[in-house]
Each structure stands twice: as C-alpha cells, then as structure tokens.
Amino acid sequence: MIGHKPVSVPASEGARAAAEGKVVIYWRKGCPFTRRLRLVLGRRGSDAVWVDIWADPDGAAYVRSVNDGNETVPTVVIDGVAHTNPSPRAVVAALP
C-alpha cells in the first residue's frame, strides 16, 4: 500500500467535515492520481476526511455535481471549495 490507507466515511460525514473547515478528499480505488496524492501526503493523509465514491453513491453524486457530470478524482474540498485533482502540495498546505 502506498502512503496513508484511507478509511472512507459516508458522504454525509464528509459534508459535515467540509462545513467545519476540514479537508475532504473524494477518491476511488485504483485511481493513479489519488495514489500519487496518498504518496505525497503520507501519514498526514490521516488529517483529511476521505470519501470513497465507489462505496458511496451520494459521494459520487457530489463529485459529479462539481465536475460537470464527471466522476473525476481526487476531488478535494478545501475551505468549502471543491478542487479537481489539485496539486498534492496544495492539499498538504491546507492540512492542519
């Protein structure tokens, strides 16, 4: 396993976390861009909230709603704003 192994939460919990100002990462297994993000985040990945869009239809619907109907991951919510496949450096900078 590369980097932090995400523990996925339901999209409703991800939405609450985003409203509280936490970094929320919408992801799916097998995505090379998510794999790269996990590698760069390392242990800091546990500071983010992770939503697996293949395990949660509401998470997938959210990702489609902010990506012109596409399930593009990682989609990362930082300060309440969704970012599609942001640079890992930007995500690290947003973590507490």
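Residues numbered from 1 in each chain as written. Predicted model: local features only at pLDDT ≥ 70, side-chain atom pairs only at ≥ 80, totals over all residues. Heavy atoms only, no water.

A. Layout of unusual backbone geometry. In this chain, Val73 is followed by Pro74 through a cis amide linkage whose omega measures -5°. Structurally, Pro74 can be placed in the loop between α3 (57-66) and β3 (75-78). We note that Asp68 has phi near 50°; this positive angle belongs to a residue other than glycine. Within the fold, Asp68 resides in the loop between α3 and β3. Located in the positive-phi region is Asp79, a residue other than glycine, with phi close to 55°. Relative to the helices and strands, Asp79 resides in the loop between β3 and β4 (81-84). (Helix = DSSP H or I, 4+ residues; strand = E, 2+ residues; numbered from the N terminus.)

B. Seen up close, the pairing of β3. The alternating pattern of β3 places Thr75 and Val77 on one face and Val76 and Ile78 on the opposite face, and all of these are buried. Pairing between strand β1 (residues 24-27) and β3: 3 bridges, direction antiparallel. Bridged to Ile25 within β3 is Val76. In this structure, β3 lies alongside β4, joined through 4 bridges in antiparallel fashion. Paired with Thr75 across the two strands is Thr84, which belongs to β4. Hairpin connection from β3 to β4: 2 residues lie between these consecutive antiparallel strands, with Asp79 at a positive phi of about 55°. (Buried < 20%, exposed > 50% of the residue type's maximum accessible area, 1.4 Å probe, protein only. Pairing = 2+ DSSP bridges.)

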